[in-house]
Amino acid sequence: MTEVIRLPVAPRPFSDELLSSWMSRVATRFGLEVPDLMAYLVGQGATLPAMRQIDDTTPDPELLKVWARGCRIDPARLERLSLDTRYHNRSRDWVSARTRGGVSVCLACFDADVAAGRDSYIRAGWRLVERVVCPVHKEMLRDRCLECGAHLRVSFRLRMGLLRVFCAKCECLLTGRGGARADRVDTAFTEGTLTFQRQVERIINGDEGQLALLESTIRTLWAPLDRAGAARPVLALWFDEPGWNCPFEARVAVGAPAPLQDLSVRWRALTLVILSDLFGAAMVPMGTMPEAAARLFRRAAPILRPPYGRAEAISKGKNPIDIVTRRVQRLSKSPVHRWNGNFEGERADSGRVRP
């Protein structure tokens, strides 16, 4: 019979904390990594996989019970930390649980935690796809380490009795008190981007028709330019520079069904800026589409149709939309012909689009 294991003490989760952040804080208090503490809580002889990765979106109920029992906490309280429960009325396309590309954080929030005498922690709101600016401190979120420049992955360490957040790669303390090293973004740009972010949030939480229009518009901006094999997205025409090439880190979003989920903070922010530039405060086309936007959208690659119908695709257990988007994504990352407008010096676009 497996013995019930309870920790002598464990920090309580904050109301806006990410589930994996709380688990990391608990493990760090005992000088362990999350998998090690999980194996200890499961105990000897148990059949539950102790090394399973924590899912912030839909966590395993059995794992939550193990943590709740060991930390003497209500399992329902831990369930409320999951993204599915916290944002149950929001589309999955606008709540990201991706950990492959790291995490986005607000350094000012970490400094505020220290000033308040509490542990630093990862906010669940930073997982919202449109969230690129901290609404509290009005600073851009960071998804790269200021010291080593790597995609940000965090670890917790005890300093003066409080848990602080560090870069998992170079082990530097994540703080906004770095002076010139902090690479401050222009205040006017940040405030403008925050305005766009709030408008998009209102659309996401409001009318479903406007949300569908917003998603379709963003997919078109990140559709391949002119042909399915193009590595450049349609929004390349928005830039003043001829022959602009989409950086490799952003090409994964070209042709994706939910491109913002695959983009870094700066590219998500740029997408919001382009939406505002093309459609104004509405952020979506209302009535007659502006000429600048129409010229961009005419250059989007046509959506290819699967070789069989929707009913047949469903009968085979496949989503026809997913089939198309996977093919477009694969082509967008493949080597392209020299004369398709994807190389500097080639004039494959119609010139300047913005007024």
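Our structure's up above, just so we're on the same page.
Residues numbered from 1 in each chain as written. Predicted model: local features only at pLDDT ≥ 70, side-chain atom pairs only at ≥ 80, totals over all residues. Heavy atoms only, no water.

1. Focus: the pattern of salt bridges
Formally: Basic side-chain nitrogens of Lys or Arg form a salt bridge, by our definition, when they fall within 4 Å of a carboxyl oxygen of Asp or Glu. Secondary structure elements are taken from DSSP: a helix is a run of H or I of four residues or more, a strand is a run of E of two residues or more, and numbering for both begins at the N terminus. Partly exposed describes any residue whose relative accessible area lies between the buried limit of under 20% and the exposed limit of over 50%, with all areas from a 1.4 Å probe on protein chains only and scaled to the type maximum.
Per the stated rule, a full pass over the model turns up 14 salt bridges. Note that D119 and R29 form a salt bridge whose closest N and O atoms lie 2.9 Å from each other. Within this pair, whereas D119 is found in the loop between α6 (107-115) and β1 (154-159), its partner R29 is found in helix α1 (residues 19-29), the two being separated by 90 residues in sequence. Among the ionic pairs, E201 bridges to R131, the shortest N-O distance being 3.2 Å. A residue pair is termed long-range when its members are at least 10 positions apart, and E201 in helix α7 (residues 187-204) and R131 in the loop between α6 and β1 qualify at 70 residues. On the basis of relative accessibility, which here comes to 17%, the residue E201 falls in the buried class. Sharing partners across several salt bridges, the network here consists of E17, R25, R29 and D119.

2. Quick look at the pairing of strand β2 (residues 162-167)
The test is simple: Strands were regarded as paired on the criterion that DSSP finds at least two bridges between them.
For β2, a buried count of six out of six residues is recorded, marking the element as mostly surrounded by other parts of the structure. Judged by which residues are buried, β2 turns out to be covered on both faces: L162, R164 and F166 on one side and L163, V165 and C167 on the other are all buried. In terms of strand pairing, β1 meets β2 through six bridges, oriented antiparallel. Bridge pairing in β2 links V154 to C167. In textbook terms, the turn of a hairpin is the stretch between consecutive antiparallel strands, and for β1 and β2 this stretch comprises two residues, one of which, M160, has a positive phi near 55°.

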